[in-house]
Amino acid sequence: MQFGVLKKLSFVLVIVALLSGCETVTESMKDIAAKLPAQQEMLESQPAPEPYWVRATGYAPISLQPGQTREHKVIVAMRASKLRAYQELAAIVHGQYLFGTTQVKNMVVQSDQFKAAVAGIVRGARVVKTFPVQDDTYATTLEVDLNQVQRAWVESQQTMQQ
């Protein structure tokens, strides 16, 4: 009878020893994880890369703008050229959607059409230059740092995951 009790006691001691070892491993992993730097700290500790500026220029005709006077048309053309430059930057940053069709009959092209669209947000762009081109066109050049755009995108993705 003592042999059965001794056997059960040995079995219980082995189980307790095994389970206490698991706790040590769990605590060790928690300690290691606590000592690791947070993802945000890792991003902040890395030096910022050199700026990678991209430029886009938008153009707008002055005479085709609505307005009572030439001065008013110039102001509207300045605004239109700036918006066109933003559209160009959005195409560079986000890409451009193209949809095209071509119709061929008897191996002769009947029609060839395409449409283009761009959508996106451009943050951090700055005006480099706004200037007249000849007598009837206004131009605006914008630039944006693509590294800054990438950092903003990474931060927004991290915010969405939290």
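These numbers were taken from a predicted model, which means no experiment stands behind them.

As for the sheet that holds strand β5 (residues 137–145)
Across the sheet, 3 strands lie side by side as β1-β5-β4; this open sheet has antiparallel pairing. Among the strands making up the open sheet, the edge pair consists of β1 (53–61) and β4 (126–133). Along the sheet, successive strands turn relative to each other by an average axial angle of 20°, direction set aside. Contacts between helix α3 (residues 70–94) and the sheet are confined to β1, β4 and β5, with β1 contributing the most and set at about 140° to the helix. Sitting on the sheet, helix α4 (residues 146–161) is in contact with β1 and β5, with an inclination near 55° to β5.

As for α4
If you check α4, its first and last C-alpha atoms are 23 Å apart, about what 16 residues at 1.5 Å a residue would give, namely 22 Å. The residue sitting at the N-terminus of α4 and contributing the capping side-chain oxygen is Asp145; that oxygen lies 3.0 Å from the backbone nitrogen of Asn147.

Calculation notes
- Residues numbered from 1 in each chain as written.
- Predicted model: local features only at pLDDT ≥ 70, side-chain atom pairs only at ≥ 80, totals over all residues.
- Heavy atoms only, no water.
- Pairing = 2+ DSSP bridges.
- Helix = DSSP H or I, 4+ residues; strand = E, 2+ residues; numbered from the N terminus.
- Axes fitted to C-alpha atoms, helices over the stretch in contact; angles between N-to-C directions.
- Contact = heavy atoms within 4.5 Å.
- Expected span 1.5 Å × (residues − 1).
- Polar contact = N/O pair within 3.5 Å; in protein donor to acceptor, adjacent residues only side chain to side chain.

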